[in-house]
Amino acid sequence: MTTRSITRPAMSVRGTAAAVVGGTAAALMLFTAAPAGADTPVAEPDSFTSAFTAMATPDQVLNGDGVATPGQPGAMGTFTLRINSDLDIVCYDIALDGVTGDYMSPAKTATHLHQAAAGAAGPPRLAFPNPTPIGDGPRTSSGCMQGPFTTGLTPAGASADSGTGFTLDQIEANPAGFAADTHTVDFSAGAVRGQLTQIPVGSVATGGGGAALAAASDSASSSAAPVVGAVALGAMAIAGVTVVARRSGTARS
């Protein structure tokens, strides 16, 4: 099968960590900025070993201390990840709606996958290019990248970037232990956040995030995020997707 070349959107993080206030500022002091190192953008592989989605809403946002810190009212997002853990390649489709203002994070981007279970805080493991365009309308980001991964953040007391040593099979082993979010100047703890849920590989397509948001926007609510996610996934079943055998969510030995 011929792979498609995917151009990675330009990364833009506007604003500075100095804009962070309150408890979030204290949490961000646990990290120090590291030199930005781009993860390798690559073409989409022929197949994937797993796929995941997160329906991100403001009510799921926590600050760095694990305290509930509601995000931007009315905002929502979909994060769809397709993984080939054998090649350590992740292809992402991210769509945000209702997120306004500039991005802000001490990391190299403001859009992350954190190793954090529901109701808990945790370090970022992947830093995605921020969805664009910056403005009041929908924002999207799509592409593929390959490890080794970096985030641009080094935890206090550590000697390595928080992405160092992270591999995608860790997501396959425990998807519920990961959360996706994006941070802005006005909502530095996160504008929206959502936990990963495993889905069949063939149910998603590149660029499907925008369609998912349109289908889910009328039915989204803070108390029905799982239902909204199911609606979104139905909208993302687009023709032309390569279907491969679904893989169990366990790590390789």
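Residues numbered from 1 in each chain as written. Predicted model: local features only at pLDDT ≥ 70, side-chain atom pairs only at ≥ 80, totals over all residues. Heavy atoms only, no water.

Caption draft 1: Here's a closer look at the packing of aromatic side chains. All chains considered together, the criterion is met by two aromatic pairs. A centroid spacing of 5.4 Å and a plane angle of 50° characterise the contact between Y92 and F128, whose relative ring orientation is tilted. Of this pair, Y92 sits in strand β5 (residues 89–97) while F128 sits in strand β7 (residues 124–128); the two residues are 36 residues apart in sequence, bridging distant segments of the chain. Residue Y92 shares its accessibility class with F128, and that shared class is buried. Where F166 meets F178, the ring centres are 5.9 Å apart and the plane angle is 55°; that geometry is what we call tilted. Remark: F178 occurs in strand β10 (residues 178–182) and F166 occurs in the loop between β9 (153–155) and α2 (169–173); sequence separation between them is 12 residues. The exposure classification of F166 matches that of F178, with both residues buried. Of note, R139 hangs over the ring of Y103, and the distance from its end group to the ring centre comes to 5.0 Å. (Phe/Tyr/Trp six-rings, centres within 6.5 Å; stacked < 30°, edge-to-face > 60°. Helix = DSSP H or I, 4+ residues; strand = E, 2+ residues; numbered from the N terminus. Buried < 20%, exposed > 50% of the residue type's maximum accessible area, 1.4 Å probe, protein only. Lys NZ or Arg CZ within 6 Å of the ring centre and 35° of its normal.)

Caption draft 2: Expanded view of the pattern of salt bridges. For the structure shown, the criterion picks out three salt bridges. Two residues, R82 and E44, come together in a salt bridge whose shortest N-O distance is 3.4 Å. Here E44 lies in the loop between β2 (40–41) and β3 (50–56) and R82 lies in strand β4 (residues 76–84), a separation of 38 residues in the sequence. Neither R82 nor E44 differs from the other in exposure class; each is buried. Put simply, R82 and D93 hold a salt bridge, and the shortest N to O gap is 3.7 Å. A residue pair is termed long-range when its members are at least 10 positions apart, and R82 in strand β4 and D93 in strand β5 qualify at 11 residues. Residue R82 is classed as buried on the basis of its relative accessible area, which comes to 4%. On the basis of relative accessible area, D93 is assigned to the buried category, the value being 1%. (Salt bridge = Lys/Arg side-chain N within 4 Å of Asp/Glu carboxyl O.)

Caption draft 3: Structural detail: the pairing of β4. Summarising burial for β4: nine of the nine residues are buried, a large majority. Of the two faces of β4, both are covered, the one formed by M76, T78, T80, R82 and N84 as well as the one formed by G77, F79, L81 and I83. Judged from the seven bridges that link them, β3 and β4 form a sheet pairing that is antiparallel. Looking at β4, one finds that S50 is bridged to I83. Where β4 and β5 come together, nine bridges link them in antiparallel fashion. (Pairing = 2+ DSSP bridges.)

Caption draft 4: The sheet that holds β4, seen in detail. Spatially, the six strands line up as an open sheet ordered β2-β8-β5-β4-β3-β12, and their pairing is antiparallel. Edge positions in the sheet fall to β2 and β12 (197–199), since each has one partner strand and no second. Bridge analysis of β2 against strand β8 (residues 139–146) gives two bridges, and the strand direction is antiparallel. Looking at the pairing, P41 lines up with M145 of β8.

Caption draft 5: Structural detail: the pairing of β10. The element β10 is extensively covered by neighbouring structure, given that five of its five residues are classed as buried. Residues F178, A180 and T182 of β10 are buried on one face, and the alternating residues A179 and D181, pointing to the opposite face, are buried as well. Bridge analysis of strand β6 (residues 111–115) against β10 gives five bridges, and the strand direction is antiparallel. Pairing of H114 across the sheet is with A179, part of β10. Here β10 runs beside strand β11 (residues 192–195); their pairing, made up of four bridges, is antiparallel. Counterpart to A179 in the pairing with β11 is Q195.

Caption draft 6: Looking closely at the nonpolar core. Counting 27 residues, the largest nonpolar core has V90, L113, L126, F128, L168, I171 and L196 as the members making the most contacts within it. Counting only elements with at least two residues in this core, the list comes to β3, β4, β5, β7 and β10. A total of four residues in this core trace back to one element, the largest contributor, which is β5. L196 has contacts with F52, T53, A54, L81, L113, I171, P175, A176 and F178, leaving out every residue within four places of it along the chain. (Core = buried A, V, L, I, M, F, W, Y, C linked by side-chain atoms within 4.5 Å. Contact = heavy atoms within 4.5 Å.)

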